[in-house]
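# Examination of the molecular architecture
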Amino acid sequence: MAGANFRIENLDALGRARDRVAGLRDGGNKVITRAVGTLKRRLPTWMKRDIAQTFTLPQNKIGKRLRVKADEKSVTLTALGRYQTLVNFPVRKTATGLRAQIRKSGPVEIPSAFLRVPAKVPTIGPQAFIRDAALNNLPPDVYDIAHVERTQHGYPIRLLGGPSVAMMMTEGDRVDRAIDYARELFGQEVDRLTEAGNGR
């Protein structure tokens, strides 16, 4: 899956529209620049925490898949589109396969799936696999990432994964709420810096 991003634009205009900014000696340039910097730092943190309210992927792994860029007028947050390997989520063996807890709302059952250490890259530890013949009915949030191995009898097996951070970020109204948060935070930071006399 491709990555996903969203952009909060026109921050310079939004900043200059706040009370008393235009009266600053430099027209508010310093205040706006500092407020953009604050937004750049805090937006990824807000996003990974919000995603972690729904998904069990640890916040440090979510954060590693987020990229943020900023200029004087905008901030862009990008989430990478690579699927997470299934073992990045809580996974355990069952009598019929594997049980994975991808969402905090409850686990999913994956019949005929199993854990094994890949022969070619044993250093990464056990991964979740399934035989090609059992691929027909994967539960929601579980994905066939790639054909990477064969069993000792030569049957192909597939590496299983969970949703990418890009999929998590764009689910539901999360991006809309992130934009609302970003605009509110930016406005509050402009007001705070103006009140403190920065930029005079």
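Residues numbered from 1 in each chain as written. Predicted model: local features only at pLDDT ≥ 70, side-chain atom pairs only at ≥ 80, totals over all residues. Heavy atoms only, no water.

Computed from the structure, the largest pocket encloses a volume of approximately 150 Å³. If you trace the largest pocket, you find it lined by Arg65, Arg82, Tyr83, Gln84, Thr85, Asn88, Ile145 and Leu159. Partitioning the lining of the largest pocket into residue classes produces three nonpolar, three polar and two charged. (1 Å grid on protein atoms, 1.4 Å probe; cavity = no way out; pocket = protein on both sides within 12 Å on 5 of 7 lines; lining within 4 Å. Points joined across faces, edges and corners; volume = space filled by probe spheres on them. Nonpolar A, V, L, I, M, F, W, Y, C, P; charged D, E, K, R; others polar.)

It is worth spelling out the packing of helix H2 (residues 29-52) against helix H5 (residues 174-195) at this point. Where H2 contacts H5, the two axes come as close as 9 Å, and the packing angle between them is 145°. H5 is crossed by H2, and the crossing has right-handed handedness. When its residues are assigned to classes, the contact of H2 with H5 shows 16 nonpolar, two polar and six charged. (Axes fitted to C-alpha atoms, helices over the stretch in contact; angles between N-to-C directions. Helix = DSSP H or I, 4+ residues; strand = E, 2+ residues; numbered from the N terminus. Left-handed = near helix turned anticlockwise from the far one by under 90°.)

Quick look at the sheet that holds strand S7 (residues 106-111) now. Strand order in the open sheet made by the three strands is S5-S6-S7, with antiparallel pairing throughout. Among the strands making up the open sheet, the edge pair consists of strand S5 (91-93) and S7. This sheet shows a mean twist of 25° between the axes of neighbouring strands, independent of strand direction. Sheet topology places S5 next to strand S6 (residues 97-103); three bridges connect them, and they run antiparallel. Its bridge partner lying in S6, valine 91 is registered against alanine 100. (Pairing = 2+ DSSP bridges.)

Moving on, we get to unusual backbone geometry. For asparagine 10, which is not a glycine, the phi torsion comes out positive at approximately 60°. For asparagine 10, the location among the structural elements is in the loop between strand S1 (4-8) and helix H1 (11-16). Among the residues examined, asparagine 10 registers a relative accessible area of 52% and is labelled exposed. Despite not being glycine, aspartate 141 shows a phi value in the positive range, around 75°. Within the secondary structure, aspartate 141 sits in the loop between strand S9 (127-131) and strand S10 (143-150). (Buried < 20%, exposed > 50% of the residue type's maximum accessible area, 1.4 Å probe, protein only.)

Okay, the pattern of salt bridges next. Under the counting rule described, the total for this entry stands at 11 salt bridges. The partner of arginine 7 in a salt bridge is glutamate 9, with the nearest N and O atoms 3.4 Å apart. What makes arginine 7 partly exposed here is its relative accessible area of 44%. Between arginine 158 and aspartate 132 there is a salt bridge; the shortest N-O distance is 4.0 Å. Residue arginine 158 is located in strand S11 (residues 156-162), and its partner aspartate 132 is located in the loop between S9 and S10; the two are separated by 26 residues in the primary sequence. (Salt bridge = Lys/Arg side-chain N within 4 Å of Asp/Glu carboxyl O.)

Turning our eyes to something else, we now look at a positive patch on the surface. A cluster of basic residues, Arg25, Lys30, Arg34, Arg41 and Arg42, forms a positive patch on the protein surface. Owing to a relative accessible area of 44%, lysine 30 belongs among the partly exposed residues under this scheme. (Patch = residues over 30% accessible without salt bridge, like charges linked within 9 Å, V, L, I, M, F, W, Y side chains within 5 Å. Areas by Shrake-Rupley, 256 points an atom, 1.4 Å probe, with all protein chains shown as cover. Lys, Arg positive; Asp, Glu negative; His and termini not counted. Charge placed at Lys NZ, Arg CZ, Asp CG, Glu CD.)

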